[in-house]
Structures are given as C-alpha cells and as structure tokens.
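Listed here are the chains, written in short residue letters.
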Amino acid sequence: MPDRNSMIGNMKAKDKVVVLDFGGQYSHLIVRRCRELGVYTELLPYDIPVEALKDGIGIEKGKIKGIILSGSPFSVHEPGSPRCNFEVLDLEIPILGICYGAQLIAHINGGVVGEGMKSEFGRAELLFKDSDMFNGLTESGKINVWMSHGDVIEQFDGADIIGHTMNTPVAAFRIANKYGVQFHPEVHHTDKGDKILWNFLYKICGCERNWAIESFITDKIEVIKRVVGDDGRVVCGLSGGIDSSTTALLVNKAIDDRLTCIFVDNGLLREGEKEAVINTFENNFNMKLVFVDAKERFLNGLRGVKDAEAKRMVIGEQFINVFEEEAIKLGNVDFLAQGTIYPDRIESAGASSQKSSRIKSHHNVGGLPEKLGLKLVEPLADLYKDEVREVAKELGMPLPILNQHPFPGPGLAARVIGEVTEDKLRICREASHLVEAELKNSGWYGKVWQAFAIVGDDVATGVLGDARSLGRIVTIRVVESKEAMTADFVKLPYDVLESMSKRITNEVKGVTWVTYAISSKPPATIEPC
C-alpha cells in the first residue's frame, strides 16, 4: 500500500515551520496559532532524526524555515526526559523553545536550570528588552504572560537575556539563532502572544505567507487529480459527518462521477441521519451513493464487547469489510477516500514519538489491511476540525451539515458505556436528540462545540406515577472547544439543563435520572469511549 504522503502530498512543496512535540498540553495550539498567522506548520515527534529535518519530512515536504520546541510535563533533570537530537540545535535554522523547550536549549548550552524552587503558574508580568522577538509589542516594555512551569532558568551565561519576571530571571533569551521563552505565547492569556509568534515566523525565520483555505482547496484538487489519474475510480466512506462529507465534496470536485460514496447504516447513527445524508448527497449534489444497511451485522459484532477500545476495533473491522465488499461489487475501484483529520492521526499515535501514548483508536486511521486492495486518499489529514469547516463552507456545504456538531467515527457506540445493546442505543439516540433540540430552542446550539447524551449500565430508582421504578442514568455532556484537542464543559443556564432533564425523563422510556458532566479535556476526553 502506498504511504500516506504520496496520497496527500502537495503539487508544490510548501516552506514551513515544524513544532517538535515533547508532550506539552499546548503543542497543537502552537501549530494552530502559526497556521492562523499564515504559515504552514506541522507537529512532529521530538525524536525525529535530524536528517529528516534537513530533507523537509512531513506531509508537505518543503524547506523547514523554523523549528519550535514545545513544552512538556517533564523536567530536563528527570531521567528519561525527552531530548531531541542535539544536532537539531546546530542546524542553520532559527529555533524557538517554549517553556520546557527553552529550558532544554539552556540546559544543553550550559545554562543553570533550577529544579522547581520558584515555580510560576498563571499570569506574570514580563519585563522585556527591545529585540527582534519582542519588536513592536508595547512602549512600556511590559506585558502580562501566561506561565506554567516548575523548573526555572536561573542563569544562562553567553546568552542575551531579553526578558525576566519577578520569579524567573531568564524568562526570555537569545543565543545565536536560538530563542527561548519561559512563558506560553500560544495561549490567549499572554498579551501580544500572536505578535511574538509573528515576529518569530516573519522577522526571524523569514517565512512567506503560504497557508490559506482557498489555496489549500485549489492545491488539494490538483493533488487528487494527479494521484487518481485520468481513469482511477474512488470510493468514499461517507458517514454524514463534516469530515467525510467534506472529503466527498473535495474528491467530487476533482474527479466528478468517478467517485462513488458508500454510506453504511451501522445502527449507530443519530436520529434522522440516514435520511439527511441520502437527501444531501443524492438529491442536492447528484453524487453516486451506495446505501448499505448493515445494522444487524455491526450490532452482532458488538454483542458482549464492553471495552471501549475493543468496540472501536470491531467497528473499524466491520467498516473495512463492508467497504471491501461494496468496492468489489462496483468493480475496478482503485482508491478509498476517507475523512481522516489531523487530531485523528495524533490521537492514534500516527505522528507520535516513543514518549506518546495512543489515546484511542480511530476506525479510519491506520490498520487498513493489505487485503483491502485500495490505495488511500486522505485530503484532510493535515487539517484541524475548524479548518475542515472552513473548507466545507468554501465548497458550498449545506448549513445543516456545516453547522452540526462533530460526531465520532464509532457513532453512538462511543457514547454507550459498556456493552452496546439496542435498548441503550435507543436511549442514547433519543436523549441526544432532545439535548440538541433544547440547545436549539434556547439559542445555545451554535455557541457550543458538542452536545450529546451518554448512557451506561448504571441504574437508579425513580418514581413514575405512584410507583417506584428502576431506570437508566443518562449523563449530558456539553463542551466548548476550537480544535477538539482541548475542551471545557459549558456552564449552561440552569433553566436549559432543567428543560433537558424534564424532557429526557418524561419522553425517553426507561430513564429515571439525568446528570451533567463537568470534566474538561484534559484530563477527560470529550467522548466517554
């Protein structure tokens, strides 16, 4: 099977910046901020070989104009703490270390990094010297920055110290073409953080503005045409969600009727989703669509399976089998297009280092067996969710799909804790529909990232009429996010929560209690399974 890069590479390689990931909670945010500033940026494992950086490794094999070292939960003094190849620091490429990344640069170059004696968490006042990193910030030479560190750079002889705080004598420095900041310019809590990153990208690295959704669409259409060729035929695994739907539109723009979408009803869909998908792609876009009713097949495969990861593997295997069977029926199909996006690959450890752990498997990432016989086309594999929505909007995606909340690949199985049964699916589907309905009624639907109901095996006593009744506990989950790598629970008004609870207990048979999930990501994930 061809490698992923050959399927999604660009016609013209882009110059770019790479972020080496040491496991910091804000690593993805650094990538997003740089892209928002107009520079194509990728996240790579910290232990990537230096030769690969010289060659411009990644999805887009362009020249690397700058390297950013991320934060990390580790200490540079900790045995086994992540270290990049020291030769990376000798490359003739500007480098910016953020938090742990700054400490690592200092530690390697003879600086003194103290072990947690004067830690800082939260806002701090940075006093800075005028420099190319801080040019044009404020006339006062002061800004508020966001700190999140235990160790402190106490001394760094030979470096130009360009910033300090009350507790951090070396809060920013420059040594040759290497820069370090102890604070986090990528978070919104840091004043002028975007300007600091802009200075690094444009003034220090000399980047050109090369990242915009419009150019991405044009480039990807050309890539798909080149990869698929004049006679190649493609099947697309269509779920109805924004990722696979956008993939289908993008491929259709490139090769027209040589694309056939395969839509599988796996019994794990949202209420009304089957009808909406068929109407949108068959009637609105006049695209070839094969509908497969595989509900019984999937539910039989899930019978008795309780572990979340095992459920995902079952669902992934069934999807692959269905696609293979339908592709054989179509005859002479060469490619499988699917809506893999960047967080899918990262959470499946697709771009990780040996220090990374797989958070969860995604049925459309990796693991496609050789027997499938189809080459992969994944045009969205370097995009975040919000970027996918921008692409979809440019392609004319109908508002009901464009504005709908994200839906996991495993469908409602990701929201059923324990074994997936028809009764638990029914409760999850009906309760989730009511949650969304009440958000729309109250004007909150468009203000949140995702909202749904969760059901497990827990039961609680209720009173229906004059009789005691034992029923399921339903948990409501509503979060706000931007790129799905981090998320906070939404503090909904009590009257909205009350309406949800009343409707669920009154209208969904077998439910006695309703609870509200107030955990953020991290430490929780958005989906429970």
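Residues numbered from 1 in each chain as written. Predicted model: local features only at pLDDT ≥ 70, side-chain atom pairs only at ≥ 80, totals over all residues. Heavy atoms only, no water.

1. Here's the deal with the overall build of the protein
So, point 1. Across its full length, the protein carries 15 helices and 20 strands.
So, point 2. The buried share of the protein, reckoned over its 529 residues, is 58%.
So, point 3. Nonlocal contacts in the protein, meaning residues at least 24 apart in sequence, comprise 75% of its contacts between residues at least 6 apart.
So, point 4. Summed over all atoms, the accessible surface of the protein reaches about 22100 Å², with 49% contributed by carbon and sulfur. (Helix = DSSP H or I, 4+ residues; strand = E, 2+ residues; numbered from the N terminus. Buried < 20%, exposed > 50% of the residue type's maximum accessible area, 1.4 Å probe, protein only. Contact = heavy atoms within 4.5 Å. Areas by Shrake-Rupley, 256 points an atom, 1.4 Å probe, with all protein chains shown as cover.)

2. A few points about the packing of helix H6 (residues 213-228) against helix H12 (residues 385-394)
So, point 1. Interaxial distance between H6 and H12 falls to 10 Å at its minimum, and their mutual angle equals 75°. Between H6 and H12, the interaxial angle falls into the category roughly perpendicular. The residues of H12 that touch H6, namely those facing Ile-213, Glu-214, Phe-216 and Ile-217, are Glu-387, Glu-390, Val-391 and Glu-394.
So, point 2. Classifying every residue of the contact of H6 with H12 by side-chain character gives four nonpolar, no polar and four charged. (Axes fitted to C-alpha atoms, helices over the stretch in contact; angles between N-to-C directions. Parallel < 35°, antiparallel > 145°, perpendicular 65-115°, else oblique. Nonpolar A, V, L, I, M, F, W, Y, C, P; charged D, E, K, R; others polar.)

3. Structural notes on helix H14 (residues 422-442)
Since there are 3.6 residues in each turn of an α-helix, residues three or four apart along the chain are aligned in direction.
So, point 1. The terminal C-alpha atoms of H14, which comprises 21 residues, lie 30 Å apart, in line with the 30 Å expected from a rise of 1.5 Å per residue.
So, point 2. Of all the residues in H14, the buried ones are Lys-424, Leu-425, Ile-427, Cys-428, Ala-431, Ser-432, Leu-434, Val-435, Glu-436, Ala-437, Glu-438 and Leu-439.
So, point 3. Where the residues of H14 are buried, they touch helix H9 (295-302), strand S17 (450-464), strand S18 (467-480), helix H15 (494-507) and strand S20 (511-516).
So, point 4. Just beyond H14, the residue with positive phi is Gly-443, at close to 80°. (Expected span 1.5 Å × (residues − 1).)

4. Focus: the sheet that holds strand S16 (residues 375-377)
So, point 1. Reading across from one edge, S14-S13-S12-S15-S16 is the order of the five strands in this open sheet, with parallel pairing throughout. Both edges of this open sheet fall to strand S14 (288-293) and S16, since each of them pairs with a single strand only. Taking the axes of each pair of neighbouring strands and ignoring which way they run, one obtains an average angle of 30° across the sheet.
So, point 2. The pairing of strand S15 (residues 335-337) with S16 spans three bridges and is classified as parallel. Counted as the bridge partner of Leu-336 is Leu-376 from S16.
So, point 3. Set on the sheet, helix H7 (residues 242-255) makes contact with strand S12 (234-238), strand S13 (259-265) and S15; between it and S12 the angle comes to about 160°. (Pairing = 2+ DSSP bridges.)

5. Section: the confidence of the model for the protein
So, point 1. Predicted confidence across the protein gives a mean pLDDT of 86, with 89% of residues reaching 70 or more.
So, point 2. Ignoring residues within four places in sequence, the model shows residues 1-11, a span with pLDDT below 50, making 41 contacts including any to other chains.
So, point 3. Long-range and interchain partners of residues 365-369, a stretch whose pLDDT sits below 50, account for 14 contacts in this model, where long-range means more than four residues apart. (pLDDT = per-residue confidence, 0-100.)

6. A few points about the nonpolar core
So, point 1. Ranked by internal contacts, the top residues of the largest apolar core, which has 48 residues, are Val-264, Leu-268, Val-420, Leu-439, Leu-492, Met-500 and Ile-504.
So, point 2. Looking at this core, the elements with two or more residues in it are S13, H9, helix H10 (308-330), H14, S17, S18 and H15.
So, point 3. Element by element, the count of residues in this core is highest for H14, at seven residues.
So, point 4. When neighbours within four sequence positions are excluded, Val-420 is seen to be in contact with Leu-268, Leu-299, Leu-302, Val-305, Lys-311, Ala-413 and Leu-425. (Core = buried A, V, L, I, M, F, W, Y, C linked by side-chain atoms within 4.5 Å.)

7. Observations concerning the side chain of Ser-245
So, point 1. Within the fold, Ser-245 resides in helix H7.
So, point 2. On the basis of relative accessibility, which here comes to 0%, the residue Ser-245 falls in the buried class.
So, point 3. Those residues in contact with Ser-245, other than ones at most four positions away along the chain, are Leu-238, Gly-240, Phe-281, Met-397 and Ile-401.

8. Details of helix H5 (residues 193-204)
So, point 1. Helix length check: H5 (12 residues) gives 15 Å between terminal C-alpha atoms against 16 Å at 1.5 Å per residue, within 8%.
So, point 2. Restricting attention to buried positions, one finds in H5 the residues Gly-193, Ile-196, Leu-197, Asn-199, Phe-200, Leu-201, Tyr-202 and Ile-204.
So, point 3. Its buried side turned inward, H5 meets strand S1 (16-21), helix H2 (27-36), strand S3 (64-69), strand S4 (95-98), strand S7 (142-149) and strand S11 (178-181).
So, point 4. Gly-206 lies just past H5 and shows a positive phi near 70°.

9. Points about the state of the cysteines
So, point 1. Using the criterion set out here, one finds zero disulfides in the structure.
So, point 2. Unpaired in this structure, Cys-236 has its nearest cysteine sulfur neighbour in Cys-261, at a distance of 4.8 Å.
So, point 3. When its relative accessible area of 1% is taken as the criterion, Cys-236 is described as buried. (Disulfide = S-S within 2.5 Å.)

10. Some thoughts on the packing of aromatic side chains
So, point 1. Under the defined criterion, the tally for this structure stands at 11 aromatic pairs.
So, point 2. Through successive ring pairs, a cluster of aromatic residues spans Phe-22, Tyr-46 and Tyr-100.
So, point 3. Taking the ring centre of Trp-211 as reference, the NZ or CZ of Arg-35 above it sits at 5.2 Å.
So, point 4. Positioned above the aromatic ring of Tyr-445, the side-chain terminus of Lys-440 is 4.9 Å from the ring centre. (Phe/Tyr/Trp six-rings, centres within 6.5 Å; stacked < 30°, edge-to-face > 60°. Lys NZ or Arg CZ within 6 Å of the ring centre and 35° of its normal.)

11. Some remarks on the environment of Glu-430
So, point 1. With respect to the helices and strands, Glu-430 occurs in helix H14.
So, point 2. Through-space distance from the C-alpha of Glu-430 to that of Glu-507 is 8.5 Å; in sequence the pair is 77 residues apart.
So, point 3. Setting aside its immediate chain neighbours within four residues, Glu-430 contacts Glu-271, Glu-507, Val-508 and Lys-509.

12. Quick word on the side chain of Arg-312
So, point 1. Position of Arg-312 among the secondary structure elements: in helix H10.
So, point 2. Although Arg-312 is buried, it forms no salt bridge, and the closest oppositely charged side chain is Glu-309 at an N-O distance of 5.1 Å.
So, point 3. For Arg-312, the side chain forms a polar contact with the main-chain oxygen of Cys-529, separated by 2.8 Å. (Lys, Arg positive; Asp, Glu negative; His and termini not counted. Salt bridge = Lys/Arg side-chain N within 4 Å of Asp/Glu carboxyl O. Polar contact = N/O pair within 3.5 Å; in protein donor to acceptor, adjacent residues only side chain to side chain.)

13. Concerning the packing of H9 against H10
So, point 1. Running from amino to carboxyl end, H9 crosses H10 at an angle of 145°, the nearest separation of the two axes being 9 Å. For H9 against H10, the interelement crossing comes out right-handed. Where H9 approaches H10, its residues Arg-297, Phe-298, Gly-301 and Leu-302 are matched on the opposing element by Lys-311, Val-314, Ile-315, Gln-318, Phe-319, Asn-321, Val-322 and Glu-325. (Left-handed = near helix turned anticlockwise from the far one by under 90°.)

14. Structural notes on the environment of Ile-153
So, point 1. Within the secondary structure, Ile-153 sits in strand S8 (residues 152-155).
So, point 2. Residue class for Ile-153 comes out buried when judged on its relative accessible area of 0%.
So, point 3. Placed 18 residues apart in sequence, Ile-153 and Ala-171 show a C-alpha to C-alpha distance of 7.4 Å.
So, point 4. Among residues more than four places away in sequence, those in contact with Ile-153 are Ala-102, Gln-103, Ala-106, Val-112, Val-113, Pro-169, Val-170, Phe-173 and Gln-182.

15. Structural notes on the pattern of salt bridges
So, point 1. Summed over all chains, the structure comprises 23 salt bridges.
So, point 2. The salt bridge involving Glu-527 is made with Arg-415; its shortest N-O contact spans 2.9 Å. Taken together, the positions of Glu-527 in the segment after S20 and Arg-415 in the loop between helix H13 (399-402) and H14 put the pair 112 residues apart, joining distant regions of the chain. By the burial criterion, Glu-527 is buried, and Arg-415 matches it.

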